[in-house]
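Architecture and fold: a report
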Amino acid sequence: MSLSPSSIHLLGGRLSIDFVNAAPPNAELSWDRLIGFLESTNIVSPERGAQLLILPQSDPQASDALLLKARKLGWMLRKVFASMLRRQKLAWEWIEPINEILRITEGHDELVPQGGDWKIEFIAREGGLDWLLAAVARSGAEIIAEGARARLRLCANPHCGLFFYDNSRTRQRRWCSMAVCGNRSKVAAFARKHTSARSAT
Ligand SMILES: [Zn+2]
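On to the overall build of the protein chain. Counting secondary structure elements, the protein chain contains eight helices and four strands. When the helices and strands of the protein chain are listed from N to C terminus, the series reads α-α-α-α-α-α-β-β-α-β-β-α. Burial status across the protein chain gives 38% buried among its 201 residues. Taking all contacts inside the protein chain whose residues are at least 6 apart in sequence as the whole, residues at least 24 apart take part in 55%. Accessible surface, the protein chain as shown: approximately 12,100 Å² in total, 54% of it carbon and sulfur.

A positive phi angle, near 60 degrees, is found at Asn42, a position not held by glycine. Its location among the elements puts Asn42 in the loop between helix H2 (31-40) and helix H3 (46-53). A positive phi angle is found at Arg87, which is not glycine, with a value near 60 degrees. Within the element layout of this structure, Arg87 appears in the loop between helix H5 (60-85) and helix H6 (92-104). For Arg87, a relative accessible area of 61% gives the class exposed.

Another point: the packing of aromatic side chains. Counted by the stated rule, this structure contains two aromatic pairs. When the ring of Phe19 is compared with that of Phe37, the centres are 5.2 Å apart and the planes differ by 65 degrees; the resulting orientation is edge-to-face. A residue pair is termed long-range when its members are at least 10 positions apart, and Phe19 in helix H1 (residues 15-22) and Phe37 in helix H2 qualify at 18 residues. Phe37 matches Phe19 in its accessibility class, with the two residues each being buried. Measuring from centroid to centroid gives 5.9 Å for Phe81 and Phe163, while their planes differ by 65 degrees, and the two rings are edge-to-face. Of the two residues, Phe81 is situated in helix H5 and Phe163 in strand S4 (residues 163-165); the sequence distance between them amounts to 82 residues.

Attention now goes to a nonpolar patch on the surface. A contiguous nonpolar patch, built from Leu111, Trp118 and Ile120 and spanning about 400 Å² of accessible area, is present on the exposed surface. Here Leu111 shows up in strand S1 (residues 107-114).

So, about the coordination of the zinc ion. With distances of 2.3 Å, the protein atoms coordinating the zinc ion are Cys155 (SG), Cys160 (SG), Cys176 (SG) and Cys181 (SG). Geometry at the zinc ion is tetrahedral, judged from the four donor atoms that bind it and their angles of 107 to 116 degrees at the metal. If you list the donors of the zinc ion from N- to C-terminus, the spacing comes out as C-x4-C-x15-C-x4-C. With Cys155 in the loop between strand S3 (152-154) and S4 and Cys176 in the loop between S4 and helix H8 (178-195), the pair connects residues that are 21 residues apart, well separated along the chain. Residues Cys155 and Cys176 agree in their burial class; the two are buried.

Summarising the element assignment, Ser63 is placed in helix H5. In this structure Ser63 touches Trp31, Leu55 and Pro56, once residues within four positions along its chain are discounted.

A word on H2. Of all ten residues making up H2, nine are buried, and the element is well covered by its neighbours. Listing the buried residues of H2 in full gives Trp31, Arg33, Leu34, Ile35, Gly36, Phe37, Leu38, Glu39 and Ser40. Here the buried face of H2 lies against H1, H3, helix H4 (55-58), H5 and helix H7 (134-146). Once H2 finishes, Asn42 follows within two positions and takes phi at roughly 60 degrees, a positive value.

Here the focus is the pattern of salt bridges. Summed over the entire model, instances satisfying the criterion amount to five salt bridges. Here Arg71 ties to Glu28 by a salt bridge, and the two come within 3.2 Å at their closest N and O atoms. Here the residue Arg71 occupies a position in helix H5, and Glu28 occupies one in the loop between H1 and H2, the gap between them amounting to 43 residues. Between Lys69 and Asp130 there is a salt bridge whose closest N-O contact spans 3.3 Å.

Calculation rules
- Residues numbered from 1 in each chain as written.
- Predicted model: local features only at pLDDT ≥ 70, side-chain atom pairs only at ≥ 80, totals over all residues.
- Heavy atoms only, no water.
- Helix = DSSP H or I, 4+ residues; strand = E, 2+ residues; numbered from the N terminus.
- Buried < 20%, exposed > 50% of the residue type's maximum accessible area, 1.4 Å probe, protein only.
- Contact = heavy atoms within 4.5 Å.
- Areas by Shrake-Rupley, 256 points an atom, 1.4 Å probe, with all protein chains shown as cover.
- Phe/Tyr/Trp six-rings, centres within 6.5 Å; stacked < 30°, edge-to-face > 60°.
- Patch = residues over 30% accessible without salt bridge, like charges linked within 9 Å, V, L, I, M, F, W, Y side chains within 5 Å.
- Salt bridge = Lys/Arg side-chain N within 4 Å of Asp/Glu carboxyl O.
- Donors = N, O, S within 2.8 Å, 3.2 Å for Na, K, Ca; no water.
- Tetrahedral: all angles 85-135°; square planar, octahedral: opposite > 155°, others 65-115°.

In structure tokens:
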């Protein structure tokens, strides 16, 4: 494996948010990263992931088409999430690519065994590759449908840029990760308090 799944931050709390976070705004989603994401979120098994990793060599047309769709989905979801945070109206052209994936990935849910437990897996009717993006598109659609009720947030660290869904009971989560951005901010606040008597957090 050329890519360790640990390099993908799964802290968004919702699949579509993690997907947007996996491709930072200043970098294009690569094939390896897309497959790494699908693997680390258990959309594909490690075996299927390994097969997909070499698809650009065996079927570049198929992999190009999927990568293009994945990038487009990521861009649109990013625009949607950013607009939702600003309470702005969503443009139809951002929604349409999400609908496009929802439309072509007809299928059904099925219980499948996983390490002694059961999980619900989406079984696509079509055999194509588009189904790989179906769960992401559905997750994005759910957040969009929640509208103003969606607890979508942007990490309070201005240098971070990661989105997350606030599942906390108090609904006051401010950081993508307490361990990373939260602690960094605490350290900074601590330093400020010790240099200025009237520091605000
Ligand atoms: Zn952060």
